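Working through the structure, step by step
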Amino acid sequence: MRHRVDGRLFSRTTNQRKALLRGLVASLFEHQRIETTVAKAKEARRIAERLITLGIKGDLHSKRLAISYLPNRAIIAKLFSEIAPRFSGRNGGYLRIIRTRNRVNDSSPMAVLEFIDYEDLRKSKEVKSEKKDK
């Protein structure tokens, strides 16, 4: 029985699974939006939302905890300086999962994992680029 056993194993060892999820979360923070399978998106969302909550706290202990999970200082700096301040008024639910298609190769359900304000950011970047062109 699997009562109260949490998380997905992805048919990988612990180290492989941690590396996979760290890579997904790092890519999410870097690009603001990623496409992956639904199961991987759900697991990556759990970790990313915890890290964003640490970013909102912003104290030294939170930074050390975040660096212990994602040892990329550039991404952690972006998390604490750009991403977390956008969500300082929210108590959770920073990410959304949008199911998109089934992958051609193995028909696994795919999804886009993005921040809830991604569309606003994209529109503001387009407006800035249009002003620069003129």
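So, here's what we can say about the structure. (Residues numbered from 1 in each chain as written. Predicted model: local features only at pLDDT ≥ 70, side-chain atom pairs only at ≥ 80, totals over all residues. Heavy atoms only, no water.)

1. Side note on unusual backbone geometry
Non-glycine residue Arg-4 carries a positive phi angle of around 60°. In this structure, Arg-4 sits in the segment before α1 (14–31). One non-glycine residue with positive phi stands out, namely Gln-32, at about 70°. For Gln-32, the position within the fold is in the loop between α1 and β1 (33–37). Residue classification places Gln-32 among the buried residues on the basis of a relative accessible area of 8%. (Helix = DSSP H or I, 4+ residues; strand = E, 2+ residues; numbered from the N terminus. Buried < 20%, exposed > 50% of the residue type's maximum accessible area, 1.4 Å probe, protein only.)

2. Considering the nonpolar core
Counting 28 residues, the largest nonpolar core has Val-25, Phe-29, Leu-51, Ile-52, Leu-70, Leu-79 and Phe-115 as its most contacted members. Of all the secondary-structure elements, those providing two or more residues to this core are α1, α2 (38–57), α4 (73–86) and β3 (109–115). (Core = buried A, V, L, I, M, F, W, Y, C linked by side-chain atoms within 4.5 Å.)

3. Digging into the pairing of strand β2 (residues 95–102)
Here β2 runs beside β3; their pairing, made up of six bridges, is antiparallel. The partner of Asn-102 across the bridge, within β3, is Pro-109. Connecting β2 to the antiparallel partner β3 that follows it, the hairpin turn spans six residues, and Ser-107 within it adopts a positive phi of roughly 60°. (Pairing = 2+ DSSP bridges.)

4. Concerning a positive patch on the surface
Residues Lys-125, Lys-128, Lys-131 and Lys-132 make up a contiguous surface patch of positive charge. Tracing the backbone shows Lys-128 in helix α5 (residues 118–133). (Patch = residues over 30% accessible without salt bridge, like charges linked within 9 Å, V, L, I, M, F, W, Y side chains within 5 Å. Areas by Shrake-Rupley, 256 points an atom, 1.4 Å probe, with all protein chains shown as cover. Salt bridge = Lys/Arg side-chain N within 4 Å of Asp/Glu carboxyl O. Lys, Arg positive; Asp, Glu negative; His and termini not counted. Charge placed at Lys NZ, Arg CZ, Asp CG, Glu CD.)

5. Looking at α2
In a regular helix each residue adds 1.5 Å, so 20 residues correspond to 28 Å; α2 covers 29 Å between its end C-alpha atoms and thus fits that length. Residues of α2 that are buried include every one of Val-38, Lys-40, Ala-41, Glu-43, Ala-44, Ile-47, Ala-48, Glu-49, Leu-51, Ile-52, Leu-54 and Gly-55, and no others. The inward-facing, buried residues of α2 contact α1, β1, α3 (60–69), α4, β2 and β3. At the C-terminal side of α2, Gly-58 shows a positive phi close to 75°. (Expected span 1.5 Å × (residues − 1). Contact = heavy atoms within 4.5 Å.)

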